[in-house]
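Breakdown of the fold
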Amino acid sequence: MFNIKLFSDLVPNSNILKLLIFSLLITFSAERGLFTFFLHENNYTISQISFIQICFSMSLFFFEIPTGYFADRFGRLSSLYIGAILKTISLLGQYFFINSFIVETIFFILGALALSFISGSVTSIIYQDLKDNSKEYLFGGIFSLLQFFCSLSLGLSMIIANSILKNYNWFGVYFITSVVTLSSIFFILKIKIKINNHLNSENNFEIKDIIKELIFILPKSLPFSIIYAAMTPYFLYSSILFNSQGFDKGFSSAIVGFIEIAGAIFTLIILYRLKRISYKYSYIFVSIISFFMFFNFIYNPIIAIIAFLIANSTVLLIDVLYHNYINDEIRDDRIRTSVLSAVSFLDMLCISIGFYIYGLLAMKFNPMQTMSYLSIFPLISAIILFLIRIKKQ
């Protein structure tokens, strides 16, 4: 549970403000809603695009724990620097080497490595900063604000992506995103955190410490990870879904952008109104996602947009509850990033399964029908969460 405070309370120091700005810039992705069209225009088949996505997800899967260990051992800020630089290289490589399927795939894998370095480090720094100042009760509210910044950045980038494409072609889409990504580094250069250096004896830890903590945490995160097996393909391929409904590619990307921003605003409003909310009610929210996803095969274009808005807004709310719950459950601050990376590792495993199944279904069914089949994942998650709650009672 957590209390939602005013913005000034949620940004108690400059460190957190800088991390919010960093997240805003690093999340900017004008190519996000258009990259599938970019690949299509360069004669990539659906199978090739699905293969690239599977490689991307599997790379996240394999990189998460090593990069989390690196962050805890050698510094979480160092991980953020490396992640921003690698993402910039990945974006430029995806544009300049589009004619080579193999090289293109390698640059997507590099992008996965970049995200793995970033994953967990921002929230670890924020949580530890708050804990050092006895303000960890603010984490849930700050995470919702962080989520809003990221959703705002991603949403706006997808909204203006079509304008960038029309005026500066595909080079502009990838180059502008690269510049914004690289600029994020300048906002975290002067951050000072107590736990950034793990090379002294006080903060040394062993692999067995991580394993012990993972045995405790991962079963708690599994039901939430299953949700992403459906929601990540749903979000990533939503532009294609809307395009199949008759909207042009630029408008399809803009729709997704507006929905991402609307979902983030919805989450802030709900959390502000309710003040206190527990993760134990997550099974209700997850059931809502499954319901609206399942009926995709009968939706008309407008209803499809409304259903995606509801599902995406709901998963953003769940995401806040999930991260607040997991961070509260972690018992050893020395390995917080390693544990969060392992949780992301589990997320990526489920996402990879989701992409694999999506690729198989997409070869036989249209995008709307494929999304309906993926609703089985949030349904399974809802059942598990419901059974866990019954058991605890």
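Every value quoted in this text rests on a predicted model; they were computed, and no experiment measured them.

**Notes on the overall build of the chain**
- Along the chain, the regular secondary structure elements total 16 helices and zero strands.
- Rg of the C-alpha trace for the chain: 20 Å, near the compact-globule value of 21 Å for 393 residues, within the 12% margin.
- Overall size of the chain, expressed as C-alpha extent along the three principal axes, is 55 × 50 × 40 Å.
- Of the contacts formed within the chain by residues at least 6 apart in sequence, a portion of 86% connects residues at least 24 apart.
- Surface accessibility of the chain: about 16,400 Å² in total, with carbon and sulfur atoms responsible for 68%.

**Re the packing of helix 12 (residues 282–294) against helix 16 (residues 376–392)**
- Interhelical geometry of helix 12 versus helix 16 gives an angle of 160° and a closest axis separation of 8 Å. Considering the angle they form, helix 12 stands roughly antiparallel to helix 16. The interaxial crossing formed by helix 12 with helix 16 has left-handed handedness. Seen from helix 12, the contacting residues are Ser282, Tyr283, Val286, Ser287, Ile289, Ser290 and Met293; seen from helix 16, they are Pro378, Leu379, Ser381, Ala382, Leu385, Phe386 and Arg389.
- Considered class by class, the residues forming the contact of helix 12 with helix 16 number nine nonpolar, four polar and one charged.

**Observations regarding the packing of aromatic side chains**
- Inspection of the entire model under this criterion finds 29 aromatic pairs.
- For the ring pair Phe224 and Tyr325, a centre distance of 6.4 Å and an interplane angle of 45° mean the geometry is tilted. Of this pair, Phe224 sits in helix 9 (residues 207–236) while Tyr325 sits in helix 13 (residues 301–329), and the two are 101 residues apart along the sequence. Like Tyr325, Phe224 is buried.
- Grouping aromatic residues by their ring pairs yields a cluster made of Phe38, Tyr95, Phe96, Trp170, Phe171, Tyr174 and Phe175.
- Taking the ring centre of Phe216 as reference, the NZ or CZ of Arg331 above it sits at 3.9 Å.

**Describing the side chain of Ser338**
- One can find Ser338 in helix 14 (residues 336–362).
- Among the polar contacts made by the side chain of Ser338, one reaches the side chain of Asp72 at a distance of 2.5 Å.
- For Ser338, the residues in contact, after removing those within four places along its chain, are Gly68, Tyr69, Asp72 and Ile210.

Quick notes on the rules
Residues numbered from 1 in each chain as written. Predicted model: local features only at pLDDT ≥ 70, side-chain atom pairs only at ≥ 80, totals over all residues. Heavy atoms only, no water. Helix = DSSP H or I, 4+ residues; strand = E, 2+ residues; numbered from the N terminus. Rg over C-alpha atoms; globule rule 2.2 N^0.38 Å. Contact = heavy atoms within 4.5 Å. Areas by Shrake-Rupley, 256 points an atom, 1.4 Å probe, with all protein chains shown as cover. Axes fitted to C-alpha atoms, helices over the stretch in contact; angles between N-to-C directions. Parallel < 35°, antiparallel > 145°, perpendicular 65-115°, else oblique. Left-handed = near helix turned anticlockwise from the far one by under 90°. Nonpolar A, V, L, I, M, F, W, Y, C, P; charged D, E, K, R; others polar. Phe/Tyr/Trp six-rings, centres within 6.5 Å; stacked < 30°, edge-to-face > 60°. Buried < 20%, exposed > 50% of the residue type's maximum accessible area, 1.4 Å probe, protein only. Lys NZ or Arg CZ within 6 Å of the ring centre and 35° of its normal. Polar contact = N/O pair within 3.5 Å; in protein donor to acceptor, adjacent residues only side chain to side chain.

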